[in-house]
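Structure assessment
Here is how the chains run, residue by residue.
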Amino acid sequence: MKFFGETHINFASFRNRAFIISGVLIVAGLVSLAIKGGPDLSIDFMGGTLVQVSFKEAVPVGEVRDVVERAGFEGSHIQNFGGPNDYLITIEKLEEAGRASANLMDALETVAPGLNWRVVEERELAPDASEHFEGGNLVIVEADSLPELGGLESAVKAAGVGIITAAAETETRIAFRLPFLGIEAKAAEQLKAALVAAFPGQEVSFERTETVGPKVGEELQNRTWAAIIISLFGILIYITWRFEFKFAIGAILALIHDVVITLGIFSLLDKEISMVVVAAFLTIVGYSLNDTIVVFDRIRENFGLRRRESYENMINISINESLSRTVITSLTTLIVVLFLFFMGGEVIHDFAFALLIGVVVGTYSSIFVASPVLIEWQNRIAGRLKKQKK
């Protein structure tokens, strides 16, 4: 099936203007990311608690905010979600180290009183797979004199404080490694109870509760980066094997172009990056790569069929020959994504939005980024050879 007849558009002549457009979009996104200190990562990566609550009758957002703040969760993000009576409440990652430190100090004062216990340092520890350490809290305490460490550790554990390790740093100082307390899960229950108590005449239902601990968030961040780097490296090897190294570079640059522009638009619009959006990014990579490979395949085919054509003409012909297929694929995908965007509901709204940008940018990049990179690469080789001959 052909969307339109034979075309003779000189796409290669637009490449400098296309590079400028892409450059402007990328720089705008990068500036936004730099100003905001990076992408706005959701609780999937940062840890925290998300509660979706639905009221039978309308409740002003100000009243919901007051209840949330009185429950001790100041700075929480509250937004309408779906209907006017539905709210999505996001409590950002709660600091555990302070609470862990307070629990430890209470236990120390109970099991070894009169030693003038004081906190020297308290902070959270990130997971460390190389040491099989799942993360926790570090609390360093000091006293006028220390009791025997083994007996003190057992007594603190008996008082209800979990301890991973306890090590004496000096004659008066001990470093305790404590496990995470899981306060995010407790926070969700505390918030729900506060909302039900604040609106006794209302029918309050909780549609969704998600809790991500700091350990899981850290692991997800690391695994996401690992997945992206490994997949790009795999793509580089595969395209080099199937085509040539310059084709692989063109495809990788197009993929980076697509993801960076989409990420930049999310930053400009203050949209969160969640696991769902990362899934959309990976879908964009797959879609864009598929589109680019189709054009590359036609270019490789024309290498053997059109030896008398210049490199630039041959790429132009190849893009024109595959243009109908590119447009049909893009339009049919776009129609599906538009339905998802307008009718899919709030849960997949950001996923559909990312795909919407990705399909448009991916189609553009397969024509105006990946293929022109080949022309620029070939021109540089030709220029170098010409200089050598002189």
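All values reported here derive from a predicted model rather than from experimental measurement.

1. Digging into the packing of aromatic side chains
Inspection of every chain in the model, using the stated rule, returns 13 aromatic pairs. A ring pair is formed by Phe-245 and Trp-377, whose centres lie 6.0 Å apart and whose planes are at 75 degrees; its orientation type is edge-to-face. Here Phe-245 is found in helix H8 (residues 245-268), whereas its partner Trp-377 is found in helix H11 (residues 349-389), with 132 residues between them in sequence. According to the relative accessible area criterion, Phe-245 is partly exposed, its value standing at 43%. Their ring planes at 50 degrees and their centres at 5.6 Å tell us that Phe-266 and Phe-353 sit as a pair that is tilted. On the criterion of sequence distance, the pair formed by Phe-266 in helix H8 and Phe-353 in helix H11 is long-range, its members being 87 residues apart. Both residues of the pair, Phe-266 and Phe-353, belong to the buried class. A network of ring pairs unites the aromatic residues Phe-266, Phe-281, Phe-341, Phe-342 and Phe-353 as a single cluster. Geometry around Phe-353 places Lys-271 over its ring, the cationic atom sitting 5.1 Å from the centre.

2. Examining the confidence of the model for the chain
When pLDDT is low, close inspection of the predicted coordinates is not appropriate. Across the chain, the average pLDDT comes to 85, with 96% of residues at 70 or higher. Within the chain, the element-level pLDDT minimum falls on helix H2 (residues 43-46), averaging 76, and the maximum on helix H1 (residues 15-35), averaging 93.

3. Some details on the side chain of Thr-292
Mapping Thr-292 onto the fold places it in helix H9 (residues 275-305). Judged by relative accessible area, which is 1%, Thr-292 ranks as buried. Once you skip the residues sitting within four places of it in the chain, Thr-292 turns out to touch Ala-251, Ser-366 and Ala-370.

4. A closer look at the pattern of salt bridges
Following the criterion strictly, the structure yields 15 salt bridges and no others. Taking the shortest distance from any N to any O, the salt bridge between Arg-118 and Asp-144 comes out at 3.4 Å. Of this pair, Arg-118 sits in strand E4 (residues 118-125) while Asp-144 sits in the loop between strand E5 (136-142) and helix H5 (149-158), and the two are 26 residues apart along the sequence. Looking at Arg-118, the relative accessible area reads 31%, which means it is partly exposed. In this structure Asp-144 comes out as partly exposed when scored by relative accessible area, which is 49%. A salt bridge links Arg-173 to Glu-142; the shortest N-O distance between them is 3.0 Å. Note that Arg-173 is positioned in strand E7 (residues 173-178) and Glu-142 in strand E5, a separation of 31 residues in sequence. For Glu-142, a relative accessible area of 17% puts it in the buried group. Through salt bridges with shared partners, a single ionic network connects Arg-118, Glu-142, Asp-144 and Arg-173.

5. Examining the sheet that holds E7
Note: strands within a sheet are paired through backbone hydrogen bonds, in either parallel or antiparallel orientation. Read across the open sheet, the 4 strands follow the order E4-E5-E7-E6; overall the sheet is antiparallel. Where the open sheet ends on each side, the last strands, each with one partner, are E4 and strand E6 (165-168). Each neighbouring strand pair of the sheet contributes to a mean axis angle of 15 degrees, computed without reference to strand direction. Pairing analysis gives 4 bridges linking E6 to E7, with the strands arranged antiparallel. The residue bridging Thr-165 from the neighbouring strand is Arg-177, located in E7. Running at roughly 140 degrees to E4, helix H4 (residues 97-111) makes contact with E4, E5 and E7 of the sheet. Together, E6 and E7 form the strand contacts of H5, whose direction differs from that of E6 by roughly 145 degrees.

The rules behind the values
Note that residues are indexed from 1 along each chain, following the sequence as it is written. It should be noted that, the model being predicted, local features are given only for residues of pLDDT at least 70 and side-chain atom pairs only at 80 or more, the latter also being counted only at that level, while totals for whole chains, interfaces and linings use all residues. Note that the side-chain values use all heavy atoms of the structure and ignore hydrogens as well as water. Ring pairs are drawn from Phe, Tyr and Trp, using the six-membered ring of Trp, whenever the two centres fall within 6.5 Å, and their geometry is named by plane angle: stacked under 30 degrees, edge-to-face over 60, tilted for the rest. Strands here mean DSSP runs of E at least two residues long; helices mean DSSP runs of H or I at least four residues long; both are numbered from the N terminus. In this scheme, a residue with accessible area under 20% of its type's maximum is buried, one over 50% is exposed, and one in between is partly exposed, where area comes from a 1.4 Å probe on protein chains only. In our convention, an over-ring charge means Lys NZ or Arg CZ found within 6 Å of a ring centre and within 35 degrees of that ring's normal. What pLDDT conveys is the predictor's confidence in a given residue, as a value from 0 to 100. Contacts were defined at the residue level, with two residues in contact if any of their heavy atoms lie within 4.5 Å. Salt bridge, as used here, is a side-chain nitrogen of Lys or Arg placed within 4 Å of a carboxyl oxygen of Asp or Glu. Note on pairing: two strands pair once DSSP finds at least 2 bridges between them. As a rule, the C-alpha atoms of each element are fitted with a line to give its axis, helices using only the stretch in contact, and angles between N-to-C directions run from 0 to 180 degrees.

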